[in-house]
Amino acid sequence: MSTQLPLTGIHSYEHYVSDLARAEAFYTQKLGFKRIGAATSAASEIDGMERLVLAGGPQIHVILSKPIKDWSVAANYLKMHPEGIGFLNFRVSSVDQAVTYLKPRGASFLYTPQVRTDSHGTLKQVAIATALDDVNIRLIEDAGYRGFGPAFKLDQEPGSYTSPLGFINVDHFTCNVRTLQPLTAFYRDVLGFEKFWEIEFHTNDVNPNLPVGSGLYSDVYWHPASNIKFANNEPIAPHYRNSQIDIYCRDNRGSGVQHVAFRVNNIMNTVATMQHSGCNFLASTPSYYERMPARLQRSGFTGTIREDVKALAKQHILVDASAKGYLLQIFSHELARQFQDREAGPLFFEVIQREGDEGFGGGNFRALFETIEVDQIAMHKVAAKLPLELI
Ligand SMILES: [Fe+2]
């Protein structure tokens, strides 16, 4: 029996959309992706979906899927949720070994292992349900396969695209749930992942006299051999209902993927290009940078930030650090706000540059919470006074 799930990396993720042209335009114009292929007409007929493959970097691929039949997987997802991510696709060295590992651990399979052979070779896959509502996981064995997937015809080889924004890979996926325990049990007991990091934050910790507030508990589970990481959030009291995490779950009509983080080597160049192309990011406040030296000192960081802090402030790039190093990160507005359409969903994107800090910006949670809440207040999501749900 395998001692761990034979994951080797991220293959892609699948984003279900009702407006394919809008989503493709966003990914290509704002995130530097490129369409490299599409589902064949035969596959579209069988799956009831129009699907595009977009590359965002050598190791970043997204499938955009729009329903063309009412019974399709995309249609069923979109009956339940606004647009969002419905499949996370991971590579495994062996589907059979993955099944052997997962079965006794209680995994729920969506189908038995499927093998397809075409002119690119042979690809084997299986899929499992998760504790994240309608988000599923595919496990793909494609070491002997030169294409992207049997359903797709590609104009360009997967892995051959260089991002004009310097996107390298997906650093992590972040998921929001109303209560973390079932999801934690899924990562730990089913997938065999290990706990990597955790944090609890509440605005009332900073000021207990606030009439409103918002908090979350967050943890990260990972698969050390492949470095696949899931960050996970749940709302906490007081003001559970005003937590951005509960608001996400209401907007998404269930739990799901809150953001995808793309890793880059030069975030200032990336953000300058993205801002030029009109991608909207959460703004940080001048006080965030004034408080930064004290925050970095508390983190145990003794090195120097190579970037010019004034220039970082101008671009609203956030800085966090640990004894091991620092990281720079920025978050986009959610797609619902980018498109001014609630049905575009509460998914957003992060850009992250790591300089030795393998954490998740714990020191930025307060700043991030403030900026997300400014956003949510702007969208009239946060109520100043909500009744407690007492009997
Ligand atoms: Fe993140």
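Just above sits the structure.
Just so you know, these numbers come straight off a predicted model, no measurement behind them.

1. Points about the sheet that holds strand β17 (residues 348-355)
- With mixed pairing, eight strands are arranged side by side in an open sheet as β11-β12-β13-β10-β14-β17-β16-β15. Across the chains shown, the open sheet's two edge strands, defined by having one partner strand only, are β11 (194-202) and β15 (318-322). Each neighbouring strand pair of the sheet contributes to a mean axis angle of 25°, computed without reference to strand direction.
- With eight bridges connecting them, strand β12 (residues 215-223) and strand β13 (residues 228-235) associate as antiparallel partners. Counterpart to Val220 in the pairing with β13 is Ala231.
- Strands β10 (169-176), β12 and β13 of the sheet are contacted by helix α5 (residues 181-191), whose axis makes an angle of about 15° with β12.
- Sitting on the sheet, helix α8 (residues 267-276) touches β16 (325-331) and β17, and the angle it makes with β17 is about 155°.

2. A closer look at the layout of surface pockets
- The space that makes up the largest pocket amounts to roughly 760 Å³.
- Listed by contribution, the elements that provide at least two residues to the lining of the largest pocket are β1 (7-16), α2 (41-47), β3 (49-57), β5 (84-92), β6 (109-118), β7 (121-129) and β8 (136-141).
- With six residues, β6 is the largest single contributor of residues to the lining of the largest pocket.
- Residues that form the lining of the largest pocket fall into these classes: 17 nonpolar, nine polar and five charged.

3. Focus on the pattern of salt bridges
- This structure, assessed with the given rule, holds 21 salt bridges.
- Where Asp189 meets Arg188, a salt bridge forms, and the shortest distance between an N and an O atom there is 2.8 Å.
- Residues Asp251 and Arg342 are paired through a salt bridge, measuring 3.5 Å at the closest nitrogen-oxygen approach. Here Asp251, found in helix α7 (residues 244-251), pairs with Arg342, found in the loop between α12 (335-339) and β17; they are 91 residues apart in sequence, far enough to count as distant.
- Asp251 gets classed as buried once you look at its relative accessible area, which sits at 14%.
- A relative accessible area of 59% means that Arg342 is categorised as exposed.
- Here the residues in one salt-bridge network are Arg178, Arg241, Asp246, Arg250 and Glu389, joined through shared partners.

What counts as what
- Residues numbered from 1 in each chain as written.
- Predicted model: local features only at pLDDT ≥ 70, side-chain atom pairs only at ≥ 80, totals over all residues.
- Heavy atoms only, no water.
- Pairing = 2+ DSSP bridges.
- Helix = DSSP H or I, 4+ residues; strand = E, 2+ residues; numbered from the N terminus.
- Axes fitted to C-alpha atoms, helices over the stretch in contact; angles between N-to-C directions.
- Contact = heavy atoms within 4.5 Å.
- 1 Å grid on protein atoms, 1.4 Å probe; cavity = no way out; pocket = protein on both sides within 12 Å on 5 of 7 lines; lining within 4 Å.
- Points joined across faces, edges and corners; volume = space filled by probe spheres on them.
- Nonpolar A, V, L, I, M, F, W, Y, C, P; charged D, E, K, R; others polar.
- Salt bridge = Lys/Arg side-chain N within 4 Å of Asp/Glu carboxyl O.
- Buried < 20%, exposed > 50% of the residue type's maximum accessible area, 1.4 Å probe, protein only.

Remember that the coordinates give geometry; whether it matters functionally is a separate question.
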